[in-house]
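A look at the structure
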Amino acid sequence: ISNWSLNNHMSKRTTNSPDRAYTKITNRYDDVLTARKWWSRLYMNYIWKVDDNLVAKEVLESFFGENVEVKNYRSILVFKCVK
C-alpha cells in the first residue's frame, strides 16, 4: 500500500466521522435558533411563523420578580427582572 492510498483512505474516514456529522447538525441547529443565515430566518418566519417579539416577551415575563444570573468568562452578573 502506498502512502498516497493510505492517506486518501484516512481523509475519507475522518470527513465522514460521527463527530463531524454531530458538529454539522449542531451548527445547523444554532443557525436556526439565532437566525444567522438567510435560510434560517426564512424557515422560522415564513414556515413556522415565529414572532420573535412575542417569544422574547413570553421569556422575559417568566422571569419577572426573579433574579437572573448571566454567566460570562470571568464573573456572574445578577439582574432583578422588573416590569
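This text gives an overview of the structure that appears in the document.

Here is what the cut-offs are and how they apply
Residues numbered from 1 in each chain as written. Predicted model: local features only at pLDDT ≥ 70, side-chain atom pairs only at ≥ 80, totals over all residues. Heavy atoms only, no water. Helix = DSSP H or I, 4+ residues; strand = E, 2+ residues; numbered from the N terminus. Polar contact = N/O pair within 3.5 Å; in protein donor to acceptor, adjacent residues only side chain to side chain. Contact = heavy atoms within 4.5 Å. Buried < 20%, exposed > 50% of the residue type's maximum accessible area, 1.4 Å probe, protein only.

1. Examining the side chain of Ser40
Mapped onto the elements, Ser40 comes out in helix α3 (residues 38–47). Within the structure, the side chain of Ser40 is placed 3.1 Å from the backbone oxygen of Asp31, a separation counted as a polar contact. Beyond its immediate chain neighbours, meaning those up to four positions away, Ser40 contacts Asp31, Val32 and Ala35.

2. A closer look at the environment of Phe64
The residue Phe64 is located in the loop between α4 (52–62) and β1 (67–71) in this model. Given a relative accessible area of 31%, Phe64 falls into the partly exposed group. Once the C-alpha coordinates of Phe64 and Lys80 are considered, the two residues, 16 residues apart in sequence, prove to be 7.8 Å apart. Those residues in contact with Phe64 that lie beyond four places of it in its chain are Cys81, Val82 and Lys83.

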